[in-house]
There are 2 protein chains.
Amino acid sequence: MQTNMRREIDEIPEAAARLLERSATRLAQAGAALRAKDPAFLVTIARGSSDHAALFLKYAIELTTGRPVASLGPSLASIYGADLKLGGAAAIAISQSGKSPDIVAMAEAATRAGAVSIALTNTLPSPIAEACTHPLDILAGPEIAVAATKSYVNSIVAGLAVLGEWTGDATLKHAVADLPNQLAKAVKLDWQDFAGDLAEAESLYVLGRGPALAIASEAALKFKETSGMHAEAYSAAEVLHGPVALVGHRFPVLVLAARDAAEASVADIADGMSAKGAVVHVTSARAGKAKRLPFVETGHPLTDALALILPFYGFVEAWSRSRGLNPDAPENLKKVTETR
Amino acid sequence: MQTNMRREIDEIPEAAARLLERSATRLAQAGAALRAKDPAFLVTIARGSSDHAALFLKYAIELTTGRPVASLGPSLASIYGADLKLGGAAAIAISQSGKSPDIVAMAEAATRAGAVSIALTNTLPSPIAEACTHPLDILAGPEIAVAATKSYVNSIVAGLAVLGEWTGDATLKHAVADLPNQLAKAVKLDWQDFAGDLAEAESLYVLGRGPALAIASEAALKFKETSGMHAEAYSAAEVLHGPVALVGHRFPVLVLAARDAAEASVADIADGMSAKGAVVHVTSARAGKAKRLPFVETGHPLTDALALILPFYGFVEAWSRSRGLNPDAPENLKKVTETR
């Protein structure tokens, strides 16, 4: 039987197309507001999968505009009552349900301080939409599986579309417009080879660098949510500063490389771990020793990284079922988590 | 036989006192430079343990000054060649060895852009010191064990001292001056009760919130480095947004609570996981169901969080030996890691 999660993964290309078509005006307005503000820096406000979308947008914004992006712990406002100085800034709040109290409190604080505040949410009306100057409906459509998939991808698509409008970067705008086509190719890729090497492992690393680190973070969370496995994400460079201690014989490592400036170094790190006896799979044709997983070459480093999540989602959904679990309804989890 | 790691842990209070005494003038100068600059935001540049020190300082600065702090991926400069706009900012680069090429490249970029740039390093002269406007010797003294302990604590002590000078906050300045005394008490605390509950586990979570999340991050890394265990750090709120899926019967959770505004919520989360059958230890007298670990009440929320790392270091060093490992020389690791 097809799970809701599998059906929702298959809907991703269509959901991305719907977002770009129906929200075009609002995405352009948010981009124009950022261009007018020319913020010295930005902040992001999010948790869970949404925070991984925020991390993706952090890299995308820093690489494209040179403006630093600070990820704010939502507790700063909700628990600590910190008086953040955000007047010269822009804020991006991401919440699928639009109602976790700590996210809403922090977004309200940013708006009150005079920041341009953009809400990326799948629920309108919602408290997060009311808290922000530019509420954007990511139009992922109903998402029934507890593990977010469509809404993760569409949060990033919306952010990239706003970034394209903000900067007027023609290459990026073209790549975003072409995303639904690329995602339709990516959703068909098969990563089941990786499953064969996971064997009895309960623990693994997922590595990336730059925007692909945000994809790795989302992938590691999905392993936990749907398969009860302790996957942890690291930057492919950061992991060498200590965490590599765990990487011994047969330790599984999934390395997500995009076609960007980091690809060569990421492939080298994958090969290095492979040489130590780890079981390494990598989305790069540059690897010599690590096993290669198929990927879609989208023609732009940012969309290229984003497209990696689709074959991963397909893989982890099947992996969850193969372990006798139900990826639609993980134990211990509910769809909407509210924290203060 | 006493390990180098144990000896270095015991030296922490003395190292902190040495730093505050001998570097007083330079700490004051760095604080004065920040006061003069009044940066709209700050950035941090670090990896590994040093990055956990940077996370601590991010919370400390945001809570105390209201200025957002962006953690920059060092690859932005070294790999992606991003042209970051940091003129109105201040930068804090942390590197014990002072020479990882990606950290140095990013610090040089910040200085070149006109940022006040502070280097916290245990090695002078060093490339990171040359790259920054305000090089500060953290004076941890020789650190032989591969796992950083003294240098982690002194990086934070130096940062807090600069913050006190920057803001002139009398309470914080007093707490920092009193830190060597508090650390001397903390180093004597015994957390071996937690060891009894780790049993055969290979995987666990370490939770914190606010500044204590930075301590949890450092603790999780030390579990990996010295004991080959997959410990992962999470915000006590963030963990509820998905990762809690792993927290079932007998799953070990170490919860680091400080005497701050988050303590009540953190103790509640610890009790909630305990009620689900997890084995939870928490540094709070407010917990009803989770087991309590001893802590030092330092009188200030920031120093209170920092003091938690000392009994943890003592615990993990003994735990590593009890597993037949050598905490001084973890497999697969060397003292200085250089990445690009």
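Here the residue index of a chain counts from 1 through its sequence in written order. To label them, take the chains in the order written and letter them from A, then take the ligands in the order written and number them from 1. Reporting of local features is limited, given that this is a predicted model, to residues whose pLDDT is at least 70; pairs of side-chain atoms are given and counted only at 80 or more, and all residues count toward the totals for whole chains, interfaces and linings. Only heavy atoms go into the side-chain values, all of them from the structure, while hydrogens and water stay out.

Draft legend 1. Expanded view of the sheet that holds strand S5 (residues 134-137) of chain A. All names here are of chain A. Strand order in the open sheet formed by 5 strands is S2-S1-S3-S4-S5, and the pairing between neighbours is parallel. Since the sheet does not close on itself, it has two edges, and those belong to strand S2 (69-71) and S5, each with one partner. Here the average twist between neighbouring strands, direction ignored, is 20 degrees. A pair of strands is considered paired only if DSSP assigns at least 2 bridges between the two. By the criteria applied, helices consist of DSSP H or I runs no shorter than four residues and strands consist of E runs no shorter than two, each listed in order from the N terminus. Sheet topology note: the strand S1 (residues 41-45)/S2 ladder contains 3 bridges and is parallel. Within the sheet, the bridge partner assigned to Leu42 lies in S2 and is Val69. Here, residues are in contact when the closest pair of their heavy atoms is within 4.5 Å. Axis lines are fitted to C-alpha atoms, over the contacting stretch for helices. Their N-to-C directions set the angle, which ranges from 0 to 180 degrees. Across the sheet, helix H3 (residues 24-37) is in contact with strand S3 (89-94), strand S4 (116-121) and S5; its angle to S5 comes to roughly 150 degrees.

Draft legend 2. Layout of the interface of chain A and chain B. On the chain B side, the residues contacting the 69 residues of chain A number 69 residues. Here the buried area means the combined drop in accessible surface, using a 1.4 Å probe, for two parts upon being joined, counting both sides. Among the residues of chain A in contact with chain B, Tyr80, His230 and His241 of chain A are the three that bury the most area, contributing 14% of the side total. Within this document, salt bridges are pairs made up of a side-chain nitrogen of Lys or Arg and a carboxyl oxygen of Asp or Glu, the two lying within 4 Å of each other. Here chain A is connected to chain B by 4 salt bridges. The partner of Lys224 of chain B in a salt bridge is Glu232 of chain A, and the shortest N-O contact between them spans 2.8 Å. Two N or O atoms count as a polar contact when they lie within 3.5 Å, although within protein this holds only if one can serve as hydrogen donor and the other as acceptor, and sequence-adjacent residues are included solely when both atoms are side-chain atoms. Seen at the junction of chain A and chain B, the total is 21 residue pairs in polar contact (both at pLDDT 80 or more). If you list the elements that add at least two residues to the side of chain A that touches chain B, you get S1, helix H4 (49-65), S2, helix H5 (75-78), strand S6 (203-208), helix H12 (211-227) and strand S7 (230-235) of chain A. If you tally residues by element for the side of chain A that touches chain B, the top one is H4 of chain A, at 6 residues. Each residue receives one of three labels: charged for Asp, Glu, Lys and Arg, nonpolar for Ala, Val, Leu, Ile, Met, Phe, Trp, Tyr, Cys and Pro, and polar for the others, Gly being one of them. Each residue belonging to the side of chain A that touches chain B can be placed in one class, and the counts come to 33 nonpolar, 19 polar and 17 charged.

Draft legend 3. Spotlight on the domain arrangement of chain A. All names here are of chain A. Its domain assignment divides chain A into domain 1 (4-177) and domain 2 (190-322). Between the C-alpha centres of domain 1 and domain 2 the distance comes to 25 Å. Tallying the contact residues gives 25 residues for domain 1 and 22 residues for domain 2. Approximately 1900 Å² of surface area, both sides summed, lies buried where domain 1 meets domain 2, with 81% of it carried by carbon and sulfur atoms. For the pair domain 1 and domain 2, the number of links is 0 salt bridges. If you look at where domain 1 meets domain 2, you find 5 residue pairs in polar contact (both at pLDDT 80 or more). The leading source of residues in the side of domain 1 that touches domain 2 is H4, at 8 residues. Each domain's extent is set by a domain assignment, obtained either automatically or from a database.

Draft legend 4. Representation of the relation of the copies chain A and chain B. Overlaying chain A with chain B gives an RMSD of 0.0 Å, the required rotation being 180 degrees about an axis along which the chain moves by 0.0 Å. Expressed as a symmetry operation, the mapping of one chain copy onto the other fits a two-fold axis. Of every C-alpha in chain A, the one belonging to Ala70 of chain A sits nearest the axis of rotation, 1.9 Å from it. Both copies share a contact surface, since 100% of the interface residues of chain A are interface residues in chain B too. When the copies are superposed, the least-squares fit takes in the C-alpha atoms of residues with a pLDDT of at least 70 in both.

Draft legend 5. Inspection of the UniProt feature "domain: SIS" (unreviewed entry) in chain A at higher detail. UniProt positions are given in the numbering used here, feature names are shortened, and annotations may be inferred rather than shown by experiment. In the numbering used here, UniProt assigns the feature "domain: SIS" (unreviewed entry) to residues 30-173 and 194-325 of chain A. Counted over residues 30-173 of chain A, helix gives 47% and strand 17%. Its end C-alpha atoms are 15 Å apart.

Draft legend 6. Region of interest: the pairing of strand S8 (residues 252-255) of chain B. Residues and elements named next belong to chain B. The alternating pattern of S8 places Pro252 and Leu254 and Val253 and Val255 on opposite faces, both of which are buried. Here S8 runs beside strand S9 (residues 279-282); their pairing, made up of 4 bridges, is parallel. Following the sheet pairing, Val253 is matched in S9 by Val280. We call a crossover right-handed when, viewed with the strands running away from us, the connection from the first strand over the helix to the second turns clockwise. The handedness of the S8 to S9 crossover, carried by helix H13 (residues 263-275), is right-handed. Exposure is judged per residue with a 1.4 Å probe applied to protein chains only, and the accessible area is read against the type maximum: over 50% gives exposed, under 20% gives buried, and values in between give partly exposed.

Draft legend 7. Inspection of the packing of aromatic side chains at higher detail. All names here are of chain B. Any two rings among Phe, Tyr and Trp, with Trp reduced to its six-membered ring, count as a pair given centres within 6.5 Å; such a pair is stacked if its planes are under 30 degrees apart, edge-to-face if over 60, and tilted if neither. This structure, assessed with the given rule, holds 15 aromatic pairs over all chains. When the centroid spacing of 5.5 Å and the interplanar angle of 75 degrees are considered together, the rings of Tyr205 and Tyr234 count as edge-to-face. Residue Tyr205 is found in strand S6 (residues 203-208), and its partner Tyr234 is found in strand S7 (residues 230-235); the two are separated by 29 residues along the sequence. In this structure, Tyr205 and Tyr234 share a single accessibility class: buried. Aromatic pair Phe223 and Phe312: ring centres 5.4 Å apart, planes at 65 degrees, arrangement edge-to-face. Linking Phe223 in helix H12 (residues 211-227) with Phe312 in helix H15 (residues 309-322), this pair joins segments that are 89 residues apart in sequence.

Draft legend 8. Broad picture of the side chain of Lys58 of chain B. Following the sequence through the fold, Lys58 of chain B ends up in helix H4 (residues 49-65). Within the structure, Lys58 of chain B has its side chain in polar contact with the backbone oxygen of Val69 of chain B (distance 2.9 Å). Beyond its immediate chain neighbours, meaning those up to four positions away, Lys58 of chain B contacts Ala70, Ser71 and Leu72 of chain A together with Val69 of chain B.

Draft legend 9. Focus on the environment of Ser50 of chain A. All names here are of chain A. Within the secondary structure, Ser50 is located in helix H4. On the basis of relative accessibility, which here comes to 6%, the residue Ser50 falls in the buried class. If we ignore the near neighbours within four places in the chain, the residues touching Ser50 are Ile94, Ser95 and Gln96.

Draft legend 10. Region of the structure containing unusual backbone geometry. Omega for the bond connecting Leu124 of chain A with Pro125 of chain A falls within 30 degrees of zero, at -5 degrees, which places this linkage in the cis form. On the secondary structure map, Pro125 of chain A appears in the loop between S4 and helix H7 (127-131). In this model, Asp38 of chain B sits at a positive phi of 45 degrees, which is unusual for a non-glycine residue. Take Asp38 of chain B: it is sitting in the loop between helix H3 (24-37) and strand S1 (42-45). A residue is classified by how much of its surface remains accessible, and Asp38 of chain B, at 46% relative accessible area, is partly exposed.

Draft legend 11. The environment of Glu165 of chain B, seen in detail. Residues and elements named next belong to chain B. Checked against the element boundaries, Glu165 lands in helix H8 (residues 150-167). Separated by 138 residues in the primary sequence, Glu165 and Leu27 have C-alpha atoms spaced 7.4 Å apart. Setting aside its immediate chain neighbours within four residues, Glu165 contacts Leu27, Ala28, Gly31, Arg35 and Lys173.

Draft legend 12. Molecular detail of the side chain of Asp271 of chain B. Residues and elements named next belong to chain B. Summarising the element assignment, Asp271 is placed in helix H13. Charge assignment: positive for Lys and Arg, negative for Asp and Glu; neither His nor the chain ends contribute. No salt bridge is formed by the buried Asp271. Its closest oppositely charged neighbour is Arg292, at 7.4 Å. A distance of 2.8 Å separates a polar side-chain atom of Asp271 from the backbone nitrogen of Ala290. Other than its neighbours up to four places away in sequence, Asp271 contacts Arg286, Ala287, Gly288, Lys289 and Ala290.

Draft legend 13. Representation of the sheet that holds S6 of chain B. Residue and element names in this part refer to chain B. Taken together, the 5 strands give an open sheet; going across it, the order is S7-S6-S8-S9-S10, and neighbouring strands pair in parallel fashion. The sheet is open, and its two edges are formed by S7 and strand S10 (291-292), each paired on a single side. As paired strands, S6 and S7 are joined by 6 bridges and run parallel to one another. Opposite Tyr205, over in S7, you have Glu232 as the bridge partner. Docked against the sheet, H12 engages S6 and S7, running at close to 170 degrees with respect to S7.

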